[in-house]
Structures are given as C-alpha cells and as structure tokens.
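# Report on the structure
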2 protein chains.
Amino acid sequence: MTDFTITTFDWVPELPRGYVRDLRARWALEEAGLSYDVQSVPFDDRKSNHYDHQPFGQVPWLTNDDISIFESGAILLHIGECCETLLPVEPQERAKVQEWLFAALNSVEMASLPWFIFKFTDGDSESSEQKRIGEFLHSRLQHMEKTLAQKEWLAKSFSIADIAMADVLRLVHRFDGLEDYPRCREYVTRATSRPKFEKAYKDQLAHFEAADK
Amino acid sequence: MTDFTITTFDWVPELPRGYVRDLRARWALEEAGLSYDVQSVPFDDRKSNHYDHQPFGQVPWLTNDDISIFESGAILLHIGECCETLLPVEPQERAKVQEWLFAALNSVEMASLPWFIFKFTDGDSESSEQKRIGEFLHSRLQHMEKTLAQKEWLAKSFSIADIAMADVLRLVHRFDGLEDYPRCREYVTRATSRPKFEKAYKDQLAHFEAADK
C-alpha cells in the first residue's frame, strides 16, 4: 500500500506508447523517490467513474490519500509540494519553476500539440494552416533555443518544469521538429538520459505491452 | 509604491484590446484586494530587458518585491498564494483549484487558441485542418458544458481557476464558438459580471486608448 496511485489507460495504440502523459507523473514520482501504484481504466469503454476523476475522459489522474487530481501540470505541482528538490520553497526559485512549468504547457505545448496533430494526420502535404501552426511552433522554439543555450535546466537545478518541458519537446523531436534547434535537442537528451526517466519510460511501455498479451 | 507591478505593452492593435493577458493579472489582483501599478514596454520594439522578464517576448509579467514572474498561469498561482479565497489552503480544495487552472490553460486554451488563430485569419472557408481543430475544441467544450451544468464555479467558490477558464471561454464566445453551449455562455456571463472583472477590463481598454492619443 503506497500513498500515491497513478491511473492510466489499460491499453493504447502503438503510436502514443511512451508518450502518454502518465509518464510525467511516473517520472516525477521516481525523481522524488516516492513509491506509487499504477492502476488502469478502460481505454475503449470509459465509465462515468472515469469522468468523475478526469472530466475530459483522459488520463492520467493521481490519487494521494483522499485527494484526486487531474491535469499533468497540477499533478507535477502536487508532487513538487512533496519534494523540495523538484519544487524549491525559496520564493524566487519557486516562482522560476512555476513560470517554466506553465511555459512548457501553455506556451510551448499549446503550439506543439496542434502541430503534431496536423503533422501526424496529413503527412508531408503542407496547407496554409499547417504552415501557420509550424510558424507558431518555431517562434516558440527560437526563444527556447536561446534560453537553453544559457542553462542546463530551466531553474537552478532539475525540477518539475524540466519534466514538463522535456516531455513536450521530446514529442517535437520524435517528428523531427527540433532539426534547427541543437540546444533543444541536447536538452531533451540530457533530460531523457536521467535514470528516472528511463525507468518511467520502460514502465509505461511494459504496462501497455502487458495489455497486448 | 505598491508591492505588485504588472508590465504589459504600451499599445496593441484594436483586435486584442480587452483580451490581452494582463487582464488575468489585473482581475486577480482586484479580486484579491491587492493594490498594484501597471507599467508599459514597447509593443513595436522589444528590448532585451523585455526578454529577461518574458523569454517569449510576450506580456504580461508580474513583479512582487524581488520576484519577477511570467506566464499568466504562474502569475495567477502567485497571486492566489497571497489570497486564500482565490486559492484555498485546504488540500482538497487547493488541488481542485490547481487542476482546473491547468485545465483552462492546457486542455481548453490549447484547443481554443489554434481555433481562434484559424478562425480569425481564414474567415468562413473551412479547410480540413480548421474542421479538425474545431472538433478538438468542441470535444473539450462538451465536457465543460457537463461540468458547468453542475456547478456555479469550478471549485467550491470563485477562484483563480475561474479567472483563467472564464477568460479562455470568453474569447471563444467572442467569435460565436459557444453557440451550442448555453452553460458555458452563462458561466462567462456570471464571471464577467463581477465588478472586479469589469474594472480590470475597463482599465485595460483605457490603458491602450491612452496610447492612441
């Protein structure tokens, strides 16, 4: 019996495996050294109980004693509250981690997710909308490139902001969106070389592979 | 001399007036009863000092003593830490506010902002990408409609999550995206009827109008 439980789908198709957002929760809990269980809900037939925990019918959600919390950003914040190295208490450093956490999700991922949706579904043909969303993403990546040229991690040390940002950027990298951004690529490599990421990643793959059997 | 300073652009074109994100900071500070100054940076010629505070070259940022913080979500969180009614201390309620704050920015606005970009620039012609991004937005609004049928505010009482969500939804409403979602429309009306919203909104309009003179 552990205090933390991550709930994710019982199965997902091949494409998103390794990229389902329960990875952010797994990675943070691994970095924090907190033990946790993983539970499953049906991917194909989402019950009303699912929507009680995650109103958009997605995953993951985290339970911690009598708290149930959805949205990967809020989950990271909650785990950070339990681990000072991932979310410092000192006000200036705390603000830095929090602003970069939101930047990952509301400035970078807001551009990268639509780019990914169009990229994946329409292949190489480029419409005016694809071009525009590509420009939107690149405007953000240009600024990230400058930021990451100056530092190893977004705040003074590795934090929940890096878990969010590295996870957002590695999906861009997967579809060759970081070709012009060597600092962003190095950052992704740096983050995903951490043993705790590797464990979280392998565990997610194993979770979905087990469902195939 | 006040503890809080919002920095926004000195001027913006007509279209975004009333919708620039400094409104979220103004509204939250008004609701919290905290006094603040508003300072300007050039819209047309962004200096390196601007990027020091906001690496993407956007606005707003908030300074509070020796803390400078960007991203409207992080600013709301910071203001919430100074006002228990906007961000409760009780763990379950706190988690609820935080998850809905992220939901506004990372689940709903992630769909609404690309929809808005396409809507505004391409008018009524509907490409397959516009259709897809419209479906993405509507899948989120359907769940918001169910959520808002059950409650007045996202958590037990009005919070920073409502400031973010109402601000995201009122931009959708502005471009007739809430036609099929009466509960979402009512929620936008309820939130924007609050005197503190009205003050923040008028102050933002006055700020940009002053620059025209």
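Above this note sits the structure.
Every value quoted in this text rests on a predicted model; they were computed, and no experiment measured them.

## What about the overall build of chain A?
The secondary structure content of chain A amounts to eight helices and four strands. Ordered by position from the N terminus, the helices and strands of chain A form the series β-α-β-α-β-β-α-α-α-α-α-α. Over its C-alpha atoms chain A spans a radius of gyration of 17 Å, differing by no more than 12% from the 17 Å that the globule rule assigns to 213 residues. Oriented by its inertia axes, the alpha-carbon framework of chain A measures out at about 45 × 45 × 30 Å. Per-residue burial for chain A yields a buried fraction of 57% across its 213 residues.

## Focus: the nonpolar core
In this structure, Met165 and Leu169 of chain A together with Met165 and Leu169 of chain B are the most contacted members of the largest nonpolar core, which totals 146 residues. Leaving out residues up to four positions away in the same chain, leucine 169 of chain B has contacts with Val108, Leu141, Leu148, Leu178, Cys184, Tyr187 and Val188 of chain B.

## A word on the interface of chain A and chain B
Between chain A and chain B, the residue contacts involve 48 residues of the former and 48 residues of the latter. Here chain A is connected to chain B by zero salt bridges. The tally of links from chain A across to chain B stands at 14 residue pairs in polar contact (both at pLDDT 80 or more). The set of elements that each furnish at least two residues to the side of chain A that touches chain B consists of β4 (67-70), α3 (72-81), α4 (91-122) and α5 (128-150) of chain A. If one sorts the elements of the side of chain A that touches chain B by residue count, α4 of chain A sits on top with 22 residues. For the side of chain A that touches chain B, a count of residues per class yields 24 nonpolar, 13 polar and eleven charged.

## Regarding the packing of aromatic side chains
Residues and elements named next belong to chain A. Taken as a whole, this structure holds 23 aromatic pairs over all chains when the rule is applied. An aromatic cluster of three or more residues is present, and its members are Trp27, Trp153, Phe158, Tyr187, Phe197 and Tyr201. Seen from the ring of tyrosine 19, arginine 170 lies directly overhead, with NZ or CZ sitting 4.2 Å from the centre.

## Observations concerning the pattern of salt bridges
If you walk through the whole model with that rule in mind, you get 27 salt bridges over all chains. Across the salt bridge formed by arginine 24 of chain A and aspartate 167 of chain A, the nearest N and O atoms sit 2.6 Å from each other. One end of the pair, arginine 24 of chain A, is in helix α1 (residues 22-32); the other, aspartate 167 of chain A, is in helix α6 (residues 160-174), with 143 residues separating them in the sequence. Comparing arginine 24 of chain A with aspartate 167 of chain A, the two get one shared label, buried. Of the charged contacts in the structure, one is a salt bridge between arginine 26 of chain B and aspartate 22 of chain B, with a shortest N-O distance of 2.7 Å. Here aspartate 22 of chain B and arginine 26 of chain B lie together in helix α1 (residues 22-32), a separation of four residues that amounts to about one turn. For arginine 26 of chain B, a relative accessible area of 3% translates into the label buried. Bridged by salt links that share partners, the residues Arg21, Arg24, Glu109, Asp167 and Arg170 of chain A form one connected network.

## Details of the environment of lysine 196 of chain A
All names here are of chain A. Here lysine 196 is to be found in helix α8 (residues 195-212). Here lysine 196 falls in the partly exposed class, since its relative accessible area comes to 37%. Those residues in contact with lysine 196 that lie beyond four places of it in its chain are Trp27, Glu30 and Glu31.

## Some words on the relation of the copies chain A and chain B
The transform that puts chain A on chain B rotates by 180° and translates by 0.0 Å along the axis, for an RMSD of 0.0 Å. Here the copies are linked by what is in effect a two-fold axis. Within chain A, the C-alpha atom positioned nearest to the axis of rotation is that of methionine 110 of chain A, 2.4 Å from it. Comparing interface residues between copies, 100% of those in chain A also sit at the interface in chain B, which points to an isologous, same-surface contact.

## Remarks on the pairing of strand β4 (residues 67-70) of chain B
All names here are of chain B. Taken together, the four bridges between strand β3 (residues 61-64) and β4 define a ladder with antiparallel strand orientation. Residue pairing for β4: tryptophan 61 is matched across the bridge by phenylalanine 70. Following β3, the chain reverses through two residues before pairing antiparallel with β4; aspartate 65 in that reversal takes a positive phi of roughly 55°.

## Observations regarding helix α7 (residues 182-192) of chain B
Residue and element names in this part refer to chain B. Of the residues making up α7, those classed as buried are Cys184, Tyr187, Val188, Ala191 and Thr192. Summarising the axial view, the buried residues of α7 lie within an arc of 115°, below the 170-degree limit, and thus occupy one face. Tucked inside the fold, the buried residues of α7 contact α1, α5 (128-150), α6 (160-174) and α8 (195-212).

## Describing the side chain of glutamate 71 of chain B
Among the secondary structure elements, glutamate 71 of chain B is positioned in the loop between β4 and α3 (72-81). Setting aside chain neighbours within four positions, we find glutamate 71 of chain B in contact with Glu99, Phe102, Ala103, Asn106 and Ser107 of chain A together with Pro60 of chain B.

## Observations concerning the sheet that holds strand β3 (residues 61-64) of chain A
Residue and element names in this part refer to chain A. Read from one edge to the other, the open sheet built from four strands follows the order β2-β1-β3-β4, with strand pairing classed as mixed. Taken across any chain shown, the strands that pair with only one partner, and hence form the sheet edges, are β2 (36-41) and β4. On average, each strand axis in the sheet is inclined to that of its neighbour by 25°, with strand direction left out of account. α1 contacts β1 (4-9), β2 and β3 of the sheet and is inclined by roughly 155° relative to β1.

## Description of the side chain of arginine 17 of chain A
Residue and element names in this part refer to chain A. Its location among the elements puts arginine 17 in the loop between β1 and α1. Side chain to side chain, arginine 17 and aspartate 212 meet in a polar contact 2.7 Å long. Once you skip the residues sitting within four places of it in the chain, arginine 17 turns out to touch Trp11, Val12, Gln204, Leu205, Phe208, Glu209 and Asp212.

## Some points on the sheet that holds β4 of chain B
Residues and elements named next belong to chain B. Pairing within the open sheet is mixed, and its four strands lie in the order β2-β1-β3-β4. Of all strands in the sheet, those bounded by a partner on one side alone are β2 (36-41) and β4. Geometrically, the sheet is characterised by an average inter-axis angle of 25° between neighbouring strands, direction not taken into account. Judged from the four bridges that link them, strand β1 (residues 4-9) and β3 form a sheet pairing that is antiparallel.

Each value, and the rule that gives it
Going along each chain's sequence as written, the residues are numbered from 1 onward. Ligands are numbered from 1 and chains lettered from A, in the order in which they are written. Predicted model: local features are reported for residues with pLDDT of at least 70 only, side-chain atom pairs are reported and counted for 80 or more only, and whole-chain, interface and lining totals are derived from all residues. Values reported for side chains reflect all heavy atoms of the structure, with hydrogen atoms and water molecules removed beforehand. Helix and strand definitions here come from DSSP, where helices need a minimum of 4 consecutive H or I residues and strands a minimum of 2 consecutive E residues; each element is numbered from the N-terminal end. Our radius of gyration looks at C-alpha atoms and nothing else; its globule reference is 2.2 Å times the residue count to the power 0.38. A simple rule labels every residue: compare its accessible area, found with a 1.4 Å probe on the protein chains alone, to the largest value its type can have, and call it buried under 20%, exposed over 50%, or partly exposed in between. Here the nonpolar core consists of buried residues drawn from Ala, Val, Leu, Ile, Met, Phe, Trp, Tyr and Cys, with membership extended through side-chain atoms lying within 4.5 Å. Any two residues having at least one pair of non-hydrogen atoms within 4.5 Å are treated as being in contact. The salt bridge definition used is simple: a Lys or Arg side-chain nitrogen within 4 Å of an Asp or Glu carboxyl oxygen. Here a polar contact means two N or O atoms within 3.5 Å. Within protein one must be a hydrogen donor candidate and the other an acceptor candidate, and residues neighboring in sequence count only if both atoms are side-chain atoms. Under the convention adopted here, Pro, Cys and the residues Ala, Val, Leu, Ile, Met, Phe, Trp and Tyr are nonpolar, Asp, Glu, Lys and Arg are charged, and Gly plus all remaining residues are polar. Aromatic pairs are defined between Phe, Tyr and Trp rings, using the six-membered ring for Trp, whenever the two ring centres lie within 6.5 Å; interplanar angles under 30 degrees are classed as stacked, those over 60 as edge-to-face, and all others as tilted. Whether a charge sits over a ring comes down to the Lys NZ or Arg CZ being within 6 Å of the ring centre and within 35 degrees of the ring normal. Alignment of the copies relies on least squares applied to C-alpha atoms, considering only residues that score at least 70 for pLDDT in both. At least two bridges found by DSSP between two strands is the condition for calling them paired. The arc refers to the directions leading from the helix axis to the C-beta atoms. Only the contacting stretch of a helix is used when fitting its axis, a line to C-alpha atoms as for every element, and angles between N-to-C directions run 0 to 180 degrees.

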